[in-house]
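# Structural overview
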Amino acid sequence: NSFNEFGGIYTVIQTKSKITVDEWGENYFLMGPYYEHNCKTQVEVCEAPNPAIKKTMDCLSSSGCQVRFGRWLIEGCPYVILFDIGAAAWNLDRWKGEFWDTCGIGLPFHDREANDALIFGSMVAWFFKELTDQLQDMPNVIAHFHEWQAGAGLILCRSRKVPMATIFTTHATLLGRYLCAGNVDFYNNLDKFNIDKEAGDRQIYHRYCLERAAVHCSHVFSTVSQITAVEADHILHRKPDVVTPNGLNVKKFSAMHEFQNLHSTNKAKIQEFVRGHFYGHLDFNLEKTLYFFIAGRYEFSNKGADIFLESLSRLNYLLRVHKSDMTVVVFFIMPAKTNNFNVETLKGQAVRKQLWDTAHSVKEKFGKRLYESLLKGEIPDMNKILDRDDFTIMKRAIYATQRHSLPPVTTHNMLEDSTDPILSNVRRIGLFNARTDRVKIVFHPEFLSSTSPLLPMDYEEFVRGCHLGVFPSYYEPWGYTPGECTVMGIPSVTTNLSGFGCFVEEHVSDPAAYGIYIVDRRFRAADESCNQLTHFMFAFCQQTRRQRIIQRNRTERLSDLLDWKYLGRVSTDMNFFFFYTHTLSETACPKWGCPEPEPNPATHGTRLEGEGTHPGRDATPSQGTPQAGLEPQTHQRAGTGQTRCATAPPHYQSKEKQLINVCCLCIIKVIGKTQSEVLSRKGRSGGWLWYMLRRGHAE
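These lines cover the structure that appears in this document, whether it is placed above or below. If you're wondering where the values come from, they're calculated on a predicted model, not measured in any experiment.

This brings us to the overall build of the protein. Helix and strand counts for the protein stand at 26 helices and 18 strands. The buried share among the 699 residues of the protein stands at 55%. Expressed as a percentage of contacts within the protein between residues at least 6 apart in sequence, the contacts between residues at least 24 apart total 72%. For the protein, the accessible area works out to roughly 31200 Å², and carbon and sulfur atoms hold 52% of it.

This is the structure:
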């Protein structure tokens, strides 16, 4: 696993750690690169309690590689093993040569991320080789690798025949991200892309080869959603063995019956910001104002910001035509290049604070004089209770709120104002926060922080204070943002091109009734999808306050559906099932043993000279010679006389159904006799046989 704070993958590993530690105890270790600034604040350094791990670390350290051990200070406090990439960089050239000799993949000198991935992978493979030598036959080792950055370690472990089971999970294919960022019609052309050429044109062919080789070398290949499984099948040429949906630590967000009160409390904080930001133009009723938001990485098209802005323009038109008294304030929380806060925005908050102080001082005088009059038994004269100075102070405060310009759209000074996608589209649709606009836009190009002088709230508080999260993503392998909204009882919009949206469609009969609106971006044209999103938002604006409260209650009820307590069993059962498939198939039924892939020295890959890439070659290592009756499917490459394996290692190919069926039976038979205590652990073997039956892999 990766110990590096980055996006959704970091969230997956962090939130899953508690349930995984509860399941595996002190046999669960996270491995990743060492970053000093993170380690000082998040890791408690300690000695490795396992003698084999301690000896392995000492062996690497004596050879000049620094390895650190400790506990990650998050819920569950899992053990972490951290490899210092910088200290081992002197091995890079040698390891590059070994990697080329192993699988024919060359890495260019200028791609630092790929080079760091190779250093990390080489250290991981070295670690596992030493560890398995220390452990001998017991206990057995399962290694779970996430994303292409960890793929080098998996490839090297398999090529060196390290005796352990391997799992590779892709959260999104590398090429898929690049293609979607280029505004191509991705899902309708999945079977038409020339994968090698597309990767080469984008100068990422070596990364793509590394990712694909890791996928084909792993014993088990998994992904996080059905939509990503379809993508992986076309781009990486292997169907995932299992889909493991992402979950959340629902207990962290759980507020029981308090979540409605938390919504009210945090909404008041957002209202304070709005009072300052829109000073001088605050001619709308804050009690009839709804707060929508979109948040995430600044991927304008992938995250659906383009369709969202167009839908907001249409929503503004509908609210004006129907003379609605509702106002919608929309927040874009996406980090972009800035140099400081916008002066006008800071001034707005200063004016608001000054007004508050003025009102507070007048209130103190008013209250004191009212109190004295009542003590005397007199009804106070309202003309005397406030003197001329008080009226002067209030008039000056009112004049200070006058504004001759429109409230700013962005809260910061943008470095690329003229070319910024969001601001360019705001200019196109003409939503400049005018008095007549029923939809107001606030672009906050930084992640939220409770120490911010503008909007002093962290992300969780902000989400709880909003009414609707809108995430109309075009490319979203899973999508944590709508899931986080759900567990906090906030309705959200997602799409059927996101893993979360597909998951909800499959498990909830009427998602809209539970506050999850799913926009069809897969089978509808962009304009139709835009109209559908507009309809969802307009219908939401027409709800009464009571209806919104009821909907939030129903949304919060779906929390358990996303809890790692349940979804974590899928990942754990996957480890359990495939581990015993891999190990018992050789011990209980030798004739069904699954051979390790043999590295083929004649395998053709790509050696990258300087900055060039050679997209015409393949970097997937040969899968070796299969057993009789288990021939892999091959196809001839256009323009060459070479053939290559089209799918996974031999034991996952042409006889897949028959083999997995036999392995399932072997597990039940052998475990039932020799390891009965395993069966008592939530009946995993039976559960996985049922799962495989559902998947159609066994009769």
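A separate point is the nonpolar core. Of all hydrophobic cores here, the largest spans 79 residues; its most connected members are V274, F292, L312, L315, F331, F332 and F462. When near neighbours in sequence (up to four residues on either side) are disregarded, L312 contacts V330, F332, L431, V439, I441 and M537. Core analysis: the next-biggest nonpolar cluster, separate from the first, contains 74 residues, A48, F99, Y208 and L210 among them.

Here four strands make up an open sheet; going across it, the order is β1-β4-β3-β2 and the pairing mixed. Across the chains shown, the open sheet's two edge strands, defined by having one partner strand only, are β1 (29-33) and β2 (43-45). Strand after strand, the sheet turns through a mean of 40 degrees between neighbouring axes, direction not considered. Set on the sheet, helix α5 (residues 112-135) makes contact with β1 and β4 (79-83); between it and β1 the angle comes to about 145 degrees.

As a further point, take the pairing of strand β9 (residues 289-295). Where burial is concerned, most of β9 is hidden: seven out of the seven residues are buried. The two faces of β9 match: T289, Y291, F293 and A295 on one face and L290, F292 and I294 on the other face are all buried. Looking at chain direction, β9 and strand β14 (residues 468-470) are connected through two bridges and run parallel. By the bridge assignment, F293 is partnered in β14 with G469.

So, on to the state of the cysteines. Evaluated as defined, the whole model comprises zero disulfides. Of all cysteine sulfurs, the one in C217 lies closest to C103, which takes part in no disulfide; the gap is 7.7 Å.

The next point concerns the pattern of salt bridges. In the structure shown here, the tally under the stated rule is 35 salt bridges. When the shortest N-O distance is used, the salt bridge between R428 and E310 registers 3.1 Å. Taken together, the residues R428 in helix α17 (residues 421-429) and E310 in helix α13 (residues 305-321) connect sequence positions 118 residues apart. Among the salt bridges present, the one from K353 reaches D357, with a minimum N-O distance of 3.5 Å. On the criterion of helical spacing, the pair formed by K353 and D357 is a turn pair, its members being four residues apart in helix α14 (residues 343-375). Relative accessible area serves as the criterion here: at 49%, K353 is assigned to the partly exposed category.

With that settled, consider the environment of A400. Looking at the element boundaries, A400 is found in helix α16 (residues 388-400). A400 sits 49 residues away from V351 along the chain, and the two C-alpha atoms are 7.2 Å apart. Once residues within four sequence positions are removed from consideration, A400 is found in contact with Y279 and V351.

With that settled, the discussion passes to the packing of aromatic side chains. Aromatic ring pairs are described here by two measures, namely the spacing of the ring centres and the angle between the planes. A full pass over the atoms with the stated rule returns 27 aromatic pairs. Seen in terms of ring centroids, Y205 and Y208 are 6.1 Å apart; in terms of plane orientation they differ by 40 degrees. Their pairing is tilted. Note that Y205 and Y208 are positioned in helix α9 (residues 205-217) at a spacing of three residues, about one turn of the helix. The same class applies to Y205 as to Y208, namely buried. Arranged with centres 6.5 Å apart and planes meeting at 45 degrees, the rings of Y291 and F331 form a pair that is tilted. With Y291 in strand β9 and F331 in strand β10 (residues 327-333), this residue pair connects regions lying 40 residues apart in the sequence. Grouped by ring-pair contacts, the aromatic residues F273, Y291, F293, F331, Y459, F462 and F471 constitute a single cluster. In this structure, R68 is placed above the aromatic ring of Y34, and the distance from its NZ or CZ to the ring centre is 4.0 Å. Stacked on the ring of Y514, the Lys or Arg R554 has its end atom at 4.4 Å from the ring centre.

The topology assignment puts H216 in helix α9. Owing to a relative accessible area of 0%, H216 belongs among the buried residues under this scheme. There is a polar contact of 2.8 Å between the side chain of H216 and the backbone oxygen of L236.

Moving on to the packing of α13 against helix α21 (residues 526-541). Axis separation between α13 and α21 bottoms out at 9 Å; the angle between their running directions is 50 degrees. With respect to each other, α13 and α21 are oriented oblique. Note on packing geometry: the crossing formed by α13 with α21 is right-handed. Between α13, through I307, F308, E310, S311, L312, R314, L315, L318 and L319, and α21, the contact on the second element is made entirely by A526, D527, S529, C530, N531, L533, T534, M537, F538 and C541. Per-class residue counts for the contact of α13 with α21 are twelve nonpolar, four polar and three charged.

Here the focus is the sheet that holds strand β5 (residues 142-146). A sheet is described by the order of its strands in space; here four strands give the open sequence β5-β6-β7-β8, paired in parallel fashion. Looking at the sheet topology across the chains shown, the edges are occupied by β5 and β8 (242-243). Against the sheet, α9 touches β6 (165-170) and β7 (220-223), its axis set at about 135 degrees to β6.

The rules behind these values
Residues numbered from 1 in each chain as written. Predicted model: local features only at pLDDT ≥ 70, side-chain atom pairs only at ≥ 80, totals over all residues. Heavy atoms only, no water. Helix = DSSP H or I, 4+ residues; strand = E, 2+ residues; numbered from the N terminus. Buried < 20%, exposed > 50% of the residue type's maximum accessible area, 1.4 Å probe, protein only. Contact = heavy atoms within 4.5 Å. Areas by Shrake-Rupley, 256 points an atom, 1.4 Å probe, with all protein chains shown as cover. Core = buried A, V, L, I, M, F, W, Y, C linked by side-chain atoms within 4.5 Å. Pairing = 2+ DSSP bridges. Axes fitted to C-alpha atoms, helices over the stretch in contact; angles between N-to-C directions. Disulfide = S-S within 2.5 Å. Salt bridge = Lys/Arg side-chain N within 4 Å of Asp/Glu carboxyl O. Phe/Tyr/Trp six-rings, centres within 6.5 Å; stacked < 30°, edge-to-face > 60°. Lys NZ or Arg CZ within 6 Å of the ring centre and 35° of its normal. Polar contact = N/O pair within 3.5 Å; in protein donor to acceptor, adjacent residues only side chain to side chain. Parallel < 35°, antiparallel > 145°, perpendicular 65-115°, else oblique. Left-handed = near helix turned anticlockwise from the far one by under 90°. Nonpolar A, V, L, I, M, F, W, Y, C, P; charged D, E, K, R; others polar.

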